[in-house]
Amino acid sequence: MKISSGFPANYKERRRGEWGRLSSYWPSYVRDDSFHRKSHERLREHVLDRAQAAEERSLVDLGCGAGDFIRGVRNCANWSSMLGIDFCDRMLELARCAEIGGNPPVTYRLADVEGPISHQAPEATCSIGTAAFLLDEVEDVRACFATAASFIKRGGSLVCATLDPARELHRLGRRGVRIGDDGGPIVVARNLRGHPDAGEYFRVLRASHVLDAHAAEFGFRAAVERLFSPSDLGSRSDGPGLRLLTWNRA
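Figured I'd write up the structure that's included with this text.

Calculation notes
- Residues numbered from 1 in each chain as written.
- Predicted model: local features only at pLDDT ≥ 70, side-chain atom pairs only at ≥ 80, totals over all residues.
- Heavy atoms only, no water.
- Helix = DSSP H or I, 4+ residues; strand = E, 2+ residues; numbered from the N terminus.
- Contact = heavy atoms within 4.5 Å.
- Polar contact = N/O pair within 3.5 Å; in protein donor to acceptor, adjacent residues only side chain to side chain.
- Phe/Tyr/Trp six-rings, centres within 6.5 Å; stacked < 30°, edge-to-face > 60°.
- Buried < 20%, exposed > 50% of the residue type's maximum accessible area, 1.4 Å probe, protein only.
- Arc of directions from axis to C-beta.

1. A short note on the environment of Thr-130
In step 1: Within the secondary structure layout, Thr-130 lies in strand 5 (residues 126-132).
In step 2: Counting along the chain gives 27 residues from Thr-130 to Ser-157, while the straight-line C-alpha distance between them is 8.5 Å.
In step 3: The residues contacting Thr-130, other than those within four sequence positions of it, are Val-47, Leu-59, Val-60, Asp-61, Leu-62, Phe-69, Leu-158 and Val-159.
In step 4: A polar contact is formed between the side chain of Thr-130 and the side chain of Asp-61, at a distance of 2.8 Å.

2. Things to note about the packing of aromatic side chains
In step 1: Inspection of the entire model under this criterion finds six aromatic pairs.
In step 2: Relative to Tyr-29, the ring of Trp-26 lies with its centre 5.1 Å away and its plane at 40°, an arrangement referred to as tilted. Of this pair, Trp-26 and Tyr-29 both sit in helix 2 (residues 26-32), three residues apart, which is roughly one turn of that helix.
In step 3: By relative accessible area, which is 5% here, Trp-26 ends up buried.
In step 4: An angle of 50° between the planes, with centres 6.5 Å apart, marks the rings of Phe-145 and Phe-220 as tilted. With Phe-145 in helix 6 (residues 141-151) and Phe-220 in strand 9 (residues 220-228), this residue pair connects regions lying 75 residues apart in the sequence.
In step 5: The rings of Trp-19, Trp-26 and Tyr-29 are connected pair by pair, giving a single aromatic cluster.

3. Details of helix 7 (residues 165-172)
In step 1: What helix 7 keeps buried is the set Pro-165, Glu-168, Leu-169 and Leu-172. The buried residues of helix 7 occupy an angular sector of 100° when the element is viewed end-on, so they sit on one face.
In step 2: By the N-cap criterion, in which a side-chain oxygen at the helix start approaches the backbone nitrogen of a residue two or three places on, helix 7 is capped by Asp-164, the distance to Ala-166 being 3.2 Å.
In step 3: The first or second residue beyond helix 7 is Gly-173, which carries a positive phi of 75°.

Take it as geometry only, folks, not as evidence of what the structure does.
Here you go:
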């Protein structure tokens, strides 16, 4: 495991390469990893609560990966449209291969949520945006909120799952490190499953008030923050915790 207070060189390219390599065994990882499954369940419950109040239900999943979350939430409500966006073509290939007979069909788009993709969303038409652990990875988190604003209409919501940063710092023994302020975000890289050849799996820890400040630039107002301990997720006591953040677009 490596810990840094700054981003390594070629950070995005390295992340894209690692996700390409992870795609070779991603389905088995998702099936075996209880934290991943339980986190998706909690995120799904929260999104469905939002969907109940929406007059029109349309969803964009930012950093959708292989489409595990968006397919799961599709089966629990009636949606008018669903869109998944990711920057890794190999993960999107998995998503498209798994897209058999669902209604509505999910449109998957290769795009960089940290890039200028607003031209691909001429109008903000989605009532709900989701991001499962995307904010734990990106370097330019402000750009992610800009992208979210290009897809999510006024009155809509953005619901994001992240690791609980305070718990992660405790687990890493870095209690005194400031995150997301003048000290900068903390970048954690580890070998997934402990395999030296599996590549680096990056996580970035940011404080909630920093995310709220970036969100506010694009009309998103903090609405709900919930923390879940490992026991809440049915995980081992020394495992990670989950943070769910919801912003409403004014």
